[in-house]
Amino acid sequence: MRSIITFLVAAVIVAATADAATQKKQRAKRDINRVRTEQRDTKREIAETSKKITANTRETSRQLARLNALSGEITNTTREIGKMQQGVDSLDSRIAATADSIASLQGRVEAMRRTYASALRSTQGSNGAMNTLAFIFSSETFSHAWQRVRYLQRFGQWRRNQTERITRAADSLELHRMGLDTLRRERSVAVARMSLSQRQLEAQRKETDQLVGKLRSEGSSLKALLKEKERKARALDSELDKLIAEEQRRREKEQREAERREKEAQRKADKNKTTGKTTTDSKTTTSTTSGGTAKANATPTSVAAADRALTGSFESNKGRLLFPVAGRYRVVRGFGRQKHPELEHVETDNSGIDIEAVGGGKARAVFKGRVSEIFKQPGYGTIIMVRHGNYLTIYANLSHIDVHKGQDVEAGQSLGTIYPDPDEDDRSILHFELRKERTKLNPMQWVK
């Protein structure tokens, strides 16, 4: 009996232990599943958050680009309105001057007509022909009669001249009136165009205000975006400085090597003269040395001459160089450090200018030169550097290129296609820089 009880107690204990172990395993399994589920949820949330941040950054970038474009449009529209206003003012001046001329001419015509009519009345009675004959035959002497005939002839010529003068003055008056009508029509057209531009300007400013409001509400995103753009701009500056410095060192090395060869050739020539070699040997040596010197000097001398010619040409064309974009364009960012025209407390620093090619387009060489580098840089796509003597022009944000390194290009020659950025509504923005070696210059003072 006791053994049976002991067995039952043991069985109960074993069963309880097994049940506890089972429950523990189940709880552990549930914990693992819950952790895995939480991990998946966390990863999904992270991915969604990252996606939202990326989308927000892209939208901020798009809005900022649109704001820059609008600022460029407002500048262009304001400039156009100013020119139109000058045109209207000029037309107003011409209209006033023409009106004064018409008044003066009209006064002259009326005065000539009054004078003419008065002269006719004073010389004619009821019977003009009889009065004329009576006037002649009433003379006391033949000489007196002849003088009266001559007077009547001169008076007749005066009448004809006066008639012609009145006719010409009347024609001129009519032409002036027609010109005045034309000027008034031109003024009406100019005022209508100016009014349209002013409405466009008002719409652009309203859109600008809306974009500024959105960007201000996304302050952290905007700051991060501007900071990233500045980082990429500094990286481009650093890369350009490095490439230009390497090119300068290479050119200086070539120049030193050319000078060394020239000195060596001269030293050998002097040595041959002092050693008293035969005439034949001297001629041969001189010929060989001259040939070697010419060959050694060919590259550096021609490069130096080209540099002088191109540098002079480039400098003499300051303010007249071709614009780097053909067709319609607008400058959306100027050169140097400046406050953003719309965003308060935002400053930008630009080593060149940013040009939007309206409707897309190609970058073109502003002057003849040689393609010295082609490379890629994050944020700027493919970049082409063209050397013009001591000056360099840089064309960035290209997608396809039409030239290769070392190629000579002419002014106006296509260099490549400006990249249409899908994140900025497919707008094509060319970043253009101009330098004298590593010194940055304002392109707007050089191109036209």
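Use the structure listed above.
A few points on the structure. For clarity, every value in this text was computed on a predicted model and none was experimentally measured.

Below, the discussion takes up the nonpolar core. Leu321, Tyr395, Leu415, Leu430 and Phe432 are the most contacted members of the largest nonpolar core, which totals 27 residues. Elements represented by at least two residues in this core include exactly strand S4 (353–357), strand S7 (381–388), strand S8 (391–401), strand S10 (414–418) and strand S12 (427–436). Those residues in contact with leucine 430, other than ones at most four positions away along the chain, are Pro324, Val325, Ile353, Asp354, Ile355, Ala363, Tyr395, Ala396, Leu398 and Ile418. The next biggest cluster of nonpolar side chains, apart from the first, holds 14 residues, and it includes Ile102, Leu105, Leu173 and Leu180.

Quick look at the environment of aspartate 241 now. When you line up the elements, aspartate 241 lands in helix H4 (residues 219–274). Look at aspartate 241 and you get partly exposed, because its relative accessible area is 27%. Between the C-alpha atoms of aspartate 241 and threonine 439, which are 198 residues apart in sequence, the distance is 9.4 Å. Among residues more than four places away in sequence, those in contact with aspartate 241 are Arg435 and Arg438.

Another aspect to go through is the side chain of glutamate 433. Within the secondary structure, glutamate 433 is located in strand S12. A polar side-chain atom of glutamate 433 sits 2.7 Å from a polar atom in the side chain of histidine 431. Leave out the neighbours within four places in its chain, and glutamate 433 touches Leu236, Asp237, Leu240, Ser351, Gly352, Leu392, Thr393, Ile394 and Pro443.

Two elements, strand S5 (residues 362–364) and S10, share three bridges in a ladder whose sense is antiparallel. Note that in S10 the partner of alanine 363 across the bridge is glycine 416. Here S8 pairs with S10 via three bridges, running antiparallel. If you follow histidine 400 over to S10, its bridge partner there is threonine 417.

Conventions we followed
Residues numbered from 1 in each chain as written. Predicted model: local features only at pLDDT ≥ 70, side-chain atom pairs only at ≥ 80, totals over all residues. Heavy atoms only, no water. Core = buried A, V, L, I, M, F, W, Y, C linked by side-chain atoms within 4.5 Å. Buried < 20%, exposed > 50% of the residue type's maximum accessible area, 1.4 Å probe, protein only. Helix = DSSP H or I, 4+ residues; strand = E, 2+ residues; numbered from the N terminus. Contact = heavy atoms within 4.5 Å. Polar contact = N/O pair within 3.5 Å; in protein donor to acceptor, adjacent residues only side chain to side chain. Pairing = 2+ DSSP bridges.

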